[in-house]
Amino acid sequence: MFPDWIIDVLFWVAVLFLVGVYVSWRATRLDRLHVRVETARAALDAALVRRAAVALELAASHLLDPATSLVLATAAHEARTADADNREFAESDLSRALRAVVDQPDFAATLEAKGDGQAVLDELGAAAAKVAYARRFYNDAVSAARIARRKLLIRVLPLAGRAPLPGFFEIDDDPPRL
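Note that the coordinates shown come from a computational prediction; the quantities given were computed from them, not determined experimentally.

Draft legend 1. Examining the side chain of histidine 34 more closely. Relative to the elements of secondary structure, histidine 34 occurs in helix H1 (residues 4-60). With a relative accessible area of 11%, histidine 34 lands in the buried category. Sequence-distant contacts of histidine 34, that is, excluding residues within four places in its chain, are made with Arg149, Ala163 and Pro164.

Draft legend 2. H1, seen in detail. Here H1 is 57 residues long and its end C-alpha atoms lie 84 Å apart, about the 84 Å a rise of 1.5 Å per residue gives. Just beyond H1, the residue with positive phi is histidine 62, at close to 65 degrees.

Draft legend 3. Looking closely at the packing of H1 against helix H2 (residues 66-81). The contact between H1 and H2 brings their axes to 8 Å, and the two run at 155 degrees. Classified by the interaxial angle, the pair formed by H1 and H2 is roughly antiparallel. The crossing of H1 and H2 is left-handed. Contacts from Val49, Ala52, Ala53, Ala55, Leu56, Leu58 and Ala59 of H1 reach H2 at Ser69, Leu72, Ala73, Ala76, His77 and Arg80. Among the residues making up the contact of H1 with H2, the classes are represented as ten nonpolar, two polar and one charged.

Draft legend 4. Structural view of the layout of surface pockets. Within this model, the largest pocket holds a volume of roughly 160 Å³. Taken together, His34, Val37, Glu38, Tyr138, Ala163, Pro164, Leu165, Pro166 and Gly167 make up the full set of residues lining the largest pocket. For the lining of the largest pocket, the element with the most residues is H1, which contributes three residues. Residues of the lining of the largest pocket, tallied by class, amount to six nonpolar, two polar and one charged.

Draft legend 5. Focus on unusual backbone geometry. Positive phi is not limited to glycine here, since histidine 62 has a value of about 65 degrees. Along the chain, the position of histidine 62 falls in the loop between H1 and H2.

Draft legend 6. How the structure looks around the packing of aromatic side chains. All chains considered together, the criterion is met by two aromatic pairs. Taking the centre distance of 5.1 Å and the plane angle of 75 degrees together, the rings of phenylalanine 11 and tryptophan 12 count as edge-to-face. On the basis of relative accessibility, which here comes to 46%, the residue phenylalanine 11 falls in the partly exposed class. Both rings, one in tyrosine 22 and one in tryptophan 25, keep their centres 5.8 Å apart while their planes meet at 35 degrees; by these two values the pair is tilted. Linking tyrosine 22 with tryptophan 25, this pair stays in helix H1, spanning three residues, or about one helical turn. The exposure class of tyrosine 22 is partly exposed, given its relative accessible area of 43%. Given the relative accessible area of 44%, tryptophan 25 is considered partly exposed. Lying over the aromatic face of tyrosine 138, arginine 41 brings its terminal NZ or CZ to 5.5 Å of the ring centre.

Reading guide: rules and limits
Residues numbered from 1 in each chain as written. Predicted model: local features only at pLDDT ≥ 70, side-chain atom pairs only at ≥ 80, totals over all residues. Heavy atoms only, no water. Helix = DSSP H or I, 4+ residues; strand = E, 2+ residues; numbered from the N terminus. Buried < 20%, exposed > 50% of the residue type's maximum accessible area, 1.4 Å probe, protein only. Contact = heavy atoms within 4.5 Å. Expected span 1.5 Å × (residues − 1). Axes fitted to C-alpha atoms, helices over the stretch in contact; angles between N-to-C directions. Parallel < 35°, antiparallel > 145°, perpendicular 65-115°, else oblique. Left-handed = near helix turned anticlockwise from the far one by under 90°. Nonpolar A, V, L, I, M, F, W, Y, C, P; charged D, E, K, R; others polar. 1 Å grid on protein atoms, 1.4 Å probe; cavity = no way out; pocket = protein on both sides within 12 Å on 5 of 7 lines; lining within 4 Å. Points joined across faces, edges and corners; volume = space filled by probe spheres on them. Phe/Tyr/Trp six-rings, centres within 6.5 Å; stacked < 30°, edge-to-face > 60°. Lys NZ or Arg CZ within 6 Å of the ring centre and 35° of its normal.

The following block contains the structure:
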């Protein structure tokens, strides 16, 4: 019916088409993973900024003694203004400062007795929990992207383009016990 060379050509065209579809699918998946990492990083940054804002609000609320307010305000300010290289350390320092403030004897009872102290405590607890969740979600996205980038096809064909390898965000994010 058809000469053998036409069947051979059609076979190789089909193989090349399927390989092209597979490579395109892998590249699209890698791109989606990178978008997921960027989105998760934006959510993490928003959660970190919100936690620092709540800590500054608590420090400025006159609900704490002046020394405690100064320590908390300093840690929150450092976390908000830290550069990329020092951000993890500053955020960990803020976590430790929050725990040190909240772990003071009768802290919650003292704040609850001072008007809107319970609202600030609830907001602080929610902000600290969001940081922990956002960091886990971000690190999961980074892990998935790094695993995908280790695949042979991704390395042989430069499917990652010029996108930098995403890095994990490791901080002490244990929330204070409220």
